[in-house]
Structures are given as structure tokens and as C-alpha cells.
Amino acid sequence: MSVMYAASRDALATIRSLAEQLIRESEQSVVVGQQMGAELFTIVELVEADRPTRVALADVSASPKQRKALMTRLIEGKVLPETLRVCQEAAARDWSNPADLRDGLVRTARSALLQAAELSNSLPQVEEELFRLSRTIKAHPGLEQALGDRQASADERRALLAQMLYGKVSAISEILASQAVARPQEGLVADDLDILSRQAAHETGRRVADVTTPVALTDAQREGLQAKLRDIYGIEVSIHEVVDRNIIGGVIIKVGNEIINGSLASKLESLRRSLV
């Protein structure tokens, strides 16, 4: 996502806080969070399709009341009251440019969906599903190219994803993945999904450890590794595992900027260099 200046950062913080509050206070918080996220994604597409409206909603020369009224006319009666309030607040705030308003609504939508997942105790599942999906796409260049093909319409790319995911992931993961495929925020679709997966881990106060092994870890090995990393970092750690037979044996662990290279391939290379 683009870097926001102060005005846009303040506006984003305000609408995300409002969305979180409205979801938390609802008697049907999970339903509201999930529907709000999906509706905000739809509103973004609606606004993006109409450039004059997009510019008018972020026009700081217009009064907040005028921008709020424009947003109300655009979506009132078509979305949840909670979604309407968030969008009205977004329109009333000053954004540095129209693109920031769009990004702000997308970020708020993603947060609302992850909040719904947390409230339904499915956030770890969503994290794992998004991570696995990102790895699957990266492992199949043809699929990655098809999902990122800008010559195809957003609906065509979403249809391809829907065929791939049908019955295999939660509704929240599918909504998040569908938006990422239609309009990825971070370049490639797989990269955007990976970022979403990490955001899901962050929402539960966990760090992510990228673990590369020559064969898949057993449940016991995964639990043991998580325990060791928890002792090292003092917080829960989510393992994002990638199998790479090229490392021969051992394991490579990356947490943030820290890398622990315990692979056999690395040790053999070190031995080779010492003999030269």
C-alpha cells in the first residue's frame, strides 16, 4: 500500500477505530464485521469506477458536510448502518489525495474481516489459509500469471480464484483473497496474501517465523520449534513452513531480520570455503 502523509494517517486511524468499535458493540459482531468488510470492498470498486465521484469525496475544498452527504447519497440503503457510518466518517475526513481514501477503506475492510475472524476464534485458521494460498500461487507460475493478468477483468480473475477455493477455505479467507486478486495492494497477488497472513498473526500478538525445511515438519517437531521460539522471543510465534529439498537437511528460520541458518547445505558450503 502507498505511504500515507499525516492527514491521511489520522483519517485512517479514525475510521478504523470507529469500525472496530461498531463491530465490537454489535449484538452480531461476527456477522457485522464480515459483512462490513465485504461491503467496504464493494464500495471501493464503486468509487473507483467513477472518477468524478472519487475526486469529489476527497476534495478538501468541499466541506466535510458536503462530502458526507455525497457518500450518503451513494450508498444509503445499500449497506449495513455500521458500514454507512464508517463511510460517512471517511468522507468527512481530510485525505492527502483520493488514492489514500481508497487505500483507507481497503485497510479498514481488511481489519474488519480479521476482527470478525478473531471474534469467531478462527483467526489462526484464516492466517494459515492465506499463507497456504500464497505459497500455492507462488509454486505455480501459470496460476500466478493468470490471477495477475490485467488484461482479464477483475470478475474473471475472481471467478478463477473461486473455482480454486470452492469449499476449501473459510468465508473470511475467501473474501480477503478475492479482493487481493481483484486489486492487489502490494504488487503480486501472492505477496499481498502473504502480507495479509502476517497481519492476521499480528492481530493476535504473534510474530511470524518463516521456516524452510527439506521435508515437512511433524506435529511434534512444529510444537517443539514453536516452544523454543516462544522462549527466545517471549511471545507466541506462528510458523510459516516452506519445504525446499535443496537445503538437504536441517532448517532455516527467519524471524523479522534475524536468520538462523542450520541447513546442511549451508554447513557444506562453509566447509567447502574453509578447504579452498
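Residues numbered from 1 in each chain as written. Predicted model: local features only at pLDDT ≥ 70, side-chain atom pairs only at ≥ 80, totals over all residues. Heavy atoms only, no water.

Draft legend 1. Representation of the overall build of the chain. The helix and strand inventory of the chain stands at 13 helices and four strands. Expressed as lengths along the three principal axes of its C-alpha atoms, the size of the chain is roughly 75 × 40 × 40 Å. Evaluated residue by residue, the chain yields a buried proportion of 45% over its 276 residues. Summarising the internal contacts of the chain: among those between residues at least 6 apart in sequence, 71% fall at separations of at least 24. About 14300 Å² of surface is accessible on the chain, with carbon and sulfur atoms providing 52% of the total. Here the chain carries 34 positive and 38 negative side-chain charges, and the mean point of each set is 3 Å from the other. (Helix = DSSP H or I, 4+ residues; strand = E, 2+ residues; numbered from the N terminus. Buried < 20%, exposed > 50% of the residue type's maximum accessible area, 1.4 Å probe, protein only. Contact = heavy atoms within 4.5 Å. Areas by Shrake-Rupley, 256 points an atom, 1.4 Å probe, with all protein chains shown as cover. Lys, Arg positive; Asp, Glu negative; His and termini not counted. Charge placed at Lys NZ, Arg CZ, Asp CG, Glu CD.)

Draft legend 2. Highlighting the pairing of strand β2 (residues 237-243). Of all the seven residues making up β2, five are buried; the element is thus mostly covered by neighbouring parts of the structure. When strand β1 (residues 207-213) meets β2, the two strands line up parallel, connected through seven bridges. Each residue of the ladder has a partner; that of Val211, found in β2, is Glu241. Chirality of the crossover, the property in question, places the unit of β1, helix α12 (residues 219-233) and β2 among those that are right-handed. (Pairing = 2+ DSSP bridges. Right-handed = clockwise from strand over helix to strand, strands pointing away.)

Draft legend 3. Here's a closer look at the sheet that holds β2. With respect to topology, four strands assemble into an open sheet ordered β2-β1-β3-β4, the strand pairing being mixed. On the outer flanks of this sheet lie β2 and β4 (258-261), each paired with one strand and no other. Put simply, the sheet's adjacent strands are angled 15 degrees from each other on average, direction ignored. Where helix α11 (residues 189-203) meets the sheet, its contacts fall on β1 and β2, and the angle it forms with β2 comes to roughly 150 degrees. (Axes fitted to C-alpha atoms, helices over the stretch in contact; angles between N-to-C directions.)

Draft legend 4. Up close: the packing of helix α2 (residues 29-48) against helix α6 (residues 98-119). Where α2 contacts α6, the axes come no closer than 8 Å and their chain directions differ by 160 degrees. Here α2 is positioned roughly antiparallel relative to α6, judged by the angle of their axes. α2 and α6 meet at a crossing whose hand is left-handed. Packed against α2, whose contacting residues are Ser29, Val30, Gly33, Gln34, Met36, Gly37, Leu40, Phe41, Val44 and Glu48, the element α6 presents Arg102, Leu105, Val106, Thr108, Ala109, Arg110, Ala112, Leu113, Ala116 and Leu119 at the interface. Within the contact of α2 with α6, the residues separate by chemical class into 12 nonpolar, five polar and three charged. (Parallel < 35°, antiparallel > 145°, perpendicular 65-115°, else oblique. Left-handed = near helix turned anticlockwise from the far one by under 90°. Nonpolar A, V, L, I, M, F, W, Y, C, P; charged D, E, K, R; others polar.)

Draft legend 5. Local environment of the pairing of β4. As judged from the four bridges shared by strand β3 (residues 252-255) and β4, these two strands associate in the antiparallel manner. Looking across to β4, one finds that Val255 is bridged to Glu258. Between β3 and β4, which pair antiparallel in sequence order, lie two residues; one of them, Gly256, sits at a positive phi of approximately 65 degrees.

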